[in-house]
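The chain contents come next:
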Amino acid sequence: MIEDPVWVRAKTSAELRSSFKQVLKHTKYSPSEAIRLFMRKTIELGPKEVRKACVDVARNLGKSGKSGNPTIQGKSGDPSKSGNLGNPGNPDNPGNP
């Protein structure tokens, strides 16, 4: 059980949210439970593995022509060289400094 719960907020597209919930309908997890599990797995993996996974997803989204907001590219234009997983053009989500 969570001892002292805190809120985590994130903005996403309606399409991503809907798809996420549809996938979870076929599992035993609520959206909140799935997000908590994702957060725990992220901690287990560590920053290097998480960055690689995010870059892979962003590249696959680009290849599929799907829109999204996985802005990962650094100043060099190479996504693998950046730790910024936010959107530098969005003041509400500046990513990691």
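Residues numbered from 1 in each chain as written. Predicted model: local features only at pLDDT ≥ 70, side-chain atom pairs only at ≥ 80, totals over all residues. Heavy atoms only, no water.

Asker: Quick one: what's the story with the overall build of the chain, residue by residue and with numbers?
Answerer: Secondary structure assignment for the chain yields 3 helices and 0 strands. Looking at the chain as a whole, 12% of its 97 residues are labelled buried. Of all intrachain contacts in the chain linking residues separated by at least 6 positions in sequence, the fraction that spans at least 24 positions is 19%. Accessible area for the chain stands at about 8,600 Å²; split by element, carbon and sulfur atoms hold 56% of it. (Helix = DSSP H or I, 4+ residues; strand = E, 2+ residues; numbered from the N terminus. Buried < 20%, exposed > 50% of the residue type's maximum accessible area, 1.4 Å probe, protein only. Contact = heavy atoms within 4.5 Å. Areas by Shrake-Rupley, 256 points an atom, 1.4 Å probe, with all protein chains shown as cover.)

Asker: Please provide a residue-by-residue account of a nonpolar patch on the surface, values included.
Answerer: A cluster of nonpolar side chains, namely Val8, Phe20, Ile35, Phe38 and Met39, defines an oily patch on the protein surface of about 490 Å² accessible area. If one sorts the elements of the nonpolar patch by residue count, helix 2 (residues 31–45) sits on top with 3 residues. Relative to the helices and strands, phenylalanine 20 is located in helix 1 (residues 14–24). (Patch = residues over 30% accessible without salt bridge, like charges linked within 9 Å, V, L, I, M, F, W, Y side chains within 5 Å. Salt bridge = Lys/Arg side-chain N within 4 Å of Asp/Glu carboxyl O.)

Asker: Outline the pattern of salt bridges, supporting the account with residue identities and numerical values.
Answerer: With the rule as written, the count across this model stands at 2 salt bridges. One salt bridge connects glutamate 44 with lysine 41, and the closest N-O pair in it is separated by 3.4 Å. Of this pair, glutamate 44 and lysine 41 both sit in helix 2, 3 residues apart, which is roughly one turn of that helix. A relative accessible area of 44% places lysine 41 in the partly exposed class. Residue aspartate 56 pairs with lysine 52 through a salt bridge whose shortest N-O separation is 2.9 Å. Separated by 4 residues within a single helix, aspartate 56 and lysine 52 lie in helix 3 (residues 47–64), roughly one turn from each other. Residue class for aspartate 56 comes out partly exposed when judged on its relative accessible area of 30%.

Asker: Can you explain the packing of helix 1 against helix 2? Please cite residues and give values.
Answerer: Pairs of packed helices are described in terms of their axes, by the angle between the two and the distance that separates them. Put simply, helix 1 and helix 2 touch, their axes get as near as 10 Å, and they point 95° apart. Comparing their axes, helix 2 and helix 1 come out roughly perpendicular. Residues Phe20, Lys21 and Leu24 of helix 1 pack against Pro31, Ala34 and Ile35 of helix 2. Grouping the constituent residues of the contact of helix 1 with helix 2 by class yields 5 nonpolar, no polar and 1 charged. (Axes fitted to C-alpha atoms, helices over the stretch in contact; angles between N-to-C directions. Parallel < 35°, antiparallel > 145°, perpendicular 65-115°, else oblique. Nonpolar A, V, L, I, M, F, W, Y, C, P; charged D, E, K, R; others polar.)

Asker: Describe the environment of isoleucine 35, and please don't skip the residues or the numbers.
Answerer: Mapping isoleucine 35 onto the fold places it in helix 2. Once the C-alpha coordinates of isoleucine 35 and valine 8 are considered, the two residues, 27 residues apart in sequence, prove to be 9.8 Å apart.

Keep in mind these numbers describe shape, not what the thing actually does.
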